[in-house]
Every structure is written in C-alpha cells, then in structure tokens.
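The primary structure of each chain is shown beneath.
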Amino acid sequence: MPLEEKDCAATYKILILGENSVGKTAILNSLVGRDFKSSVLPTSGVDFVKKIFEVDGALVQLVIWDTAGQERFRSITRLQYKGTQGIILVYDITNPDSFSRLTYWMDSIQKEIKHKHSAYEPIPIVLCGNKSDMEDQRKVETYKGEKFANQQMAFEFFETSAKCGLNIFQAFQRLAYHVTDICNPRLMKSYHPFMIRQRSNKGPLSRRSANYKRKTKNEKTKGKESVIFCCVQASDS
C-alpha cells in the first residue's frame, strides 16, 4: 500500500538552490522517478514536488521547491526562503563559474534565513556537485567541493548525477534526517528525553554523531522548565 501524506508525522519545506543550468530540475525529476531529459527549459519561477522519507522510525514528508537560478528571478527566490527548514545547494562539476557562485548563495542564505533562527537550530544545508556522470568534462575537483562544504559548515556533501540517479536519493534522505533531528527529534527512535541538540564548531555535523543533553535549570522554579544549552565535542562517526 503506497504511503500517503496522512501517514507522515511531519512535513518540511526544502529549497533547492544554485545557478542556472546546474541541474536542479533534473535532480528533482530523478528523485520522483521522472525520465531524464538532456535539455530542459530553465525554471522561470518556482515549482515543487513532495517526497516521503523514513527517518529513524518516523515518516516525514519533504516539500521540495525548485527555484530559478537566473538573476532576474532571484527576487522570487528570496520570497521562497520564508519557512524553509532545509536546503539542497547545487553546482555543476563541469562549470567552475557555478562553483564560484556558491559564495553568493551562502551569503543569501545567511542573510535571508540563518539570522532569523537560534544558533542552536541551524538550517541544514546539503551541498551537491551535480553531473558527476560527465567525468571527462570535469572542471571542479571533488576535494574542492569537500573543502567548501567544510568551510561553510554544510551538513553533507555529495557528488550527484541526475542522469544516472547517483546519490540523489541519499542526499535528500540525509537532509530529511538532519531536519527531523533539529525540528522534531522526539519522532526519532534514538531520541532521549534528557538530551538537547549540540552544534559542533569544528566541521559539518554529518561527519560527527550529534550529541545532546537536556536538563532543567531548577526543578523548583515555579514549575517552569528551563533548558540549558552547552557545547559538547562530538566524536567522529
């Protein structure tokens, strides 16, 4: 019996960002099982798809918004940041300009989203170097993508191929995990009631197992529970 939206414990808004022609629409088409097309018209606004994922015992739905990469549509893209809970950021491994423009997108994310959230609840970003099937035309080496992901505190890094389907599902699966881990950890089997989220300052959270610790500040304070946030170094996963 196919899964339905009513079966999901939570729904999250996800944006897929990046320059024009990096393959954002093709990635979404691959994710939902649509046929790959070598040439498609550039996205002229926004569109979305829905996909259900199993995350540590819970079913969650991602509503993934495809956005336009062209300069003239970026005001529309900025409007779509509202309510975003996770981001797939894409560049083209055959196009170094699309890689260098990642700094623009990170600055945009910082400006439009991150400053509106607590430092203890970051917006998870998964970086994808797309078109890995075109290895003979590669212009951006893998280590550069890994380095950028580390520098920018991306939660995950994948090289993907919308044509072959390589790492497409895995990228969104990991994003679904991180968003749930931040927004609704109680849904997860591994949730422990005496733990809170910790954010490491030393690299992407995907490279480490997250540590959490929840405790009340004073159990006798008028019945109100306070949460103390403290940093705990995470161990490598």
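Here, every reference points to the structure presented above.
Described in the following lines is the structure provided in the data block. What you are looking at is a predicted structure, and each value in this text was computed from that prediction instead of being measured.

**Notes on the nonpolar core**
General note: in soluble globular proteins, nonpolar side chains tend to be found buried as a group.
1) Next: Judged by nonpolar contacts, the single largest core of 28 residues is most densely connected at Ile14, Ile16, Phe53, Leu62, Ile64, Ile88 and Phe172.
2) Next: Broken down by secondary-structure element, the contributors of at least two residues to this core are strand E1 (10-18), helix H1 (24-31), strand E2 (46-55), strand E3 (58-67), strand E4 (86-92), strand E5 (125-130) and helix H6 (168-183).
3) Next: The element that contributes the greatest number of residues to this core is H6, accounting for 6 residues.
4) Next: Those residues in contact with Ile88 that sit more than four places away from it in its chain are Ile14, Leu15, Ile16, Leu17, Val126, Cys128, Ala171, Phe172 and Leu175.

**Overview of the pattern of salt bridges**
1) Next: Here the structure, examined in full by the defined rule, presents 7 salt bridges.
2) Next: Of the charged contacts, one joins Glu159 and Arg138 as a salt bridge, the two residues approaching to 2.8 Å between their closest N and O atoms. Of this pair, Glu159 sits in strand E6 (residues 156-159) while Arg138 sits in the loop between E5 and helix H5 (142-151), placing them 21 residues apart in sequence. Accessibility assignment for this pair places Glu159 and Arg138 in one class, buried.
3) Next: Among the charged side chains, a salt-bridge network with shared partners connects Glu135, Arg138 and Glu159.

**Examining the packing of H1 against H6**
1) Next: Two numbers describe how H1 lies on H6: the axes approach to 9 Å, and their chain directions differ by 90°. With respect to each other, H1 and H6 are oriented roughly perpendicular. Facing Ile27, Leu28, Ser30 and Leu31 of H1, the residues of H6 in contact are Ile168, Phe169 and Phe172.
2) Next: Across the contact of H1 with H6, the residue classes tally to 6 nonpolar, 1 polar and no charged.

**Remarks on the pairing of E3**
1) Next: Where burial is concerned, most of E3 is hidden: 9 out of the 10 residues are buried.
2) Next: Of the strand pairs in this sheet, E1 and E3 are connected by 7 bridges, and their pairing is parallel. Bridge pairing in E3 places Lys13 opposite Val63.

**Re H1**
1) Next: Buried residues dominate H1, accounting for 6 of its 8 residues.
2) Next: Among the residues of H1, Lys24, Ala26, Ile27, Leu28, Asn29 and Leu31 are the ones counted as buried.
3) Next: At the C-terminal side of H1, Gly33 shows a positive phi close to 85°.

About the criteria used
Residues numbered from 1 in each chain as written. Predicted model: local features only at pLDDT ≥ 70, side-chain atom pairs only at ≥ 80, totals over all residues. Heavy atoms only, no water. Core = buried A, V, L, I, M, F, W, Y, C linked by side-chain atoms within 4.5 Å. Buried < 20%, exposed > 50% of the residue type's maximum accessible area, 1.4 Å probe, protein only. Helix = DSSP H or I, 4+ residues; strand = E, 2+ residues; numbered from the N terminus. Contact = heavy atoms within 4.5 Å. Salt bridge = Lys/Arg side-chain N within 4 Å of Asp/Glu carboxyl O. Axes fitted to C-alpha atoms, helices over the stretch in contact; angles between N-to-C directions. Parallel < 35°, antiparallel > 145°, perpendicular 65-115°, else oblique. Nonpolar A, V, L, I, M, F, W, Y, C, P; charged D, E, K, R; others polar. Pairing = 2+ DSSP bridges.

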